[in-house]
Amino acid sequence: AIDFVKLYADIYSTLTQKGFNCYFFTNGVQRDNLTLYKILEYLNLSSDRIMSPTDTNKGKSFIKMLSQFGFIISSRLHTSISAYSLKIPTIALAWDDKIPLFYKSIGYTERCIDILQSNNKNYLIDLVSNTWSNGYDNEKYNNYRKTVFDSLNNISFTI
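Residues numbered from 1 in each chain as written. Predicted model: local features only at pLDDT ≥ 70, side-chain atom pairs only at ≥ 80, totals over all residues. Heavy atoms only, no water.

Q: Describe the pairing of strand 4 (residues 90-94), naming the residues involved and giving the relevant values.
A: Within strand 4, 5 of the 5 residues are buried, which leaves the element mostly enclosed by the surrounding structure. Side chains T90, A92 and A94 of strand 4 all project onto a buried face; the interleaved residues I91 and L93 project onto the opposite face, where all are buried too. Where strand 3 (residues 72-74) and strand 4 come together, 3 bridges link them in parallel fashion. Looking at the pairing, I72 lines up with T90 of strand 4. A crossover connection joins strand 3 to the parallel strand 4 through helix 4 (residues 77-85); in handedness this β-α-β unit is right-handed. With helix 5 (residues 98-105) bridging strand 4 and its parallel neighbour strand 5 (residues 112-114), the resulting β-α-β unit is right-handed. (Buried < 20%, exposed > 50% of the residue type's maximum accessible area, 1.4 Å probe, protein only. Helix = DSSP H or I, 4+ residues; strand = E, 2+ residues; numbered from the N terminus. Pairing = 2+ DSSP bridges. Right-handed = clockwise from strand over helix to strand, strands pointing away.)

Below you can see the structure in the form of structure tokens.
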């Protein structure tokens, strides 16, 4: 079994030691909040390292908060999708099939790593640095947006 508290604590420690200014993000899901507070306790950090939307039932609050980040490491699909939509460089720690499928669809499979392999600190630092530096290719980004737009236009509703 994966010790998520230690995993995220190690990622945080590794990135902060390399000079990254890191915060923890939660969208307010109770299980995530509990894990987050265990991570903070493990690292002996205060809750000022947490960013959470003011109203978890409103997408606007989520997007507004997310848009403040310059880079995101996520293990949640909707955070990855939202970050990509905002052109915020992101990598994902995959724990199911949905996240890798999304990264494959946008053409960045290398930015989605199996959560079991995320303990390779050198690889993680290199991936964060490269992703942050390179951002997203505009052609890939625009092609993906067109694909989404076209698929939404082809949806037919039957009543």
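Q: So, the sheet that holds strand 5: which residues are in play, and what are the values?
A: Spatial ordering of the open sheet is given by 3-4-5, a layout of 3 strands whose pairing is parallel. Each having just a single partner strand, strand 3 and strand 5 make up the two edges of the open sheet. Taken pair by pair, the neighbouring strands of this sheet meet at an average axis angle of 20°, ignoring direction. Of the strand pairs in this sheet, strand 4 and strand 5 are connected by 3 bridges, and their pairing is parallel. Directly across from A94, in strand 5, lies its bridge partner D114. The strands that helix 4 touches are strand 3 and strand 4; relative to strand 3, the one it contacts most, it runs at about 155°. (Axes fitted to C-alpha atoms, helices over the stretch in contact; angles between N-to-C directions. Contact = heavy atoms within 4.5 Å.)

Q: Tell me about the side chain of T131, residues and numbers included.
A: Structurally, T131 can be placed in helix 6 (residues 121-134). A relative accessible area of 2% places T131 in the buried class. Setting aside residues no more than four positions away along its own chain, T131 makes contact with F71, P89, T90, I91 and R111.

Q: So what about the pattern of salt bridges? Which residues, and what values?
A: Going through the model one piece at a time under the given rule, you end up with 4 salt bridges. Residue D96 pairs with K98 through a salt bridge whose shortest N-O separation is 3.8 Å. (Salt bridge = Lys/Arg side-chain N within 4 Å of Asp/Glu carboxyl O.)

Q: Describe the nonpolar core, and please don't skip the residues or the numbers.
A: L15, F24 and I39 are the most contacted members of the largest nonpolar core, which has 24 residues in total. Secondary-structure elements contributing two or more residues to this core are helix 1 (4-17), helix 2 (30-43), strand 4 and helix 6. Considering every element that reaches this core, the biggest residue donor is helix 1, with 7 residues. Ignoring any residue separated from it by four or fewer positions in sequence, one finds I39 in contact with F4, V5, Y8, A9 and F24. With 12 residues, the next largest nonpolar core counts A92, A94, Y108 and Y136 among its residues. (Core = buried A, V, L, I, M, F, W, Y, C linked by side-chain atoms within 4.5 Å.)

Q: Give me the side chain of T79: which residues, what numbers.
A: On the secondary structure map, T79 appears in helix 4. Here T79 falls in the buried class, since its relative accessible area comes to 4%.

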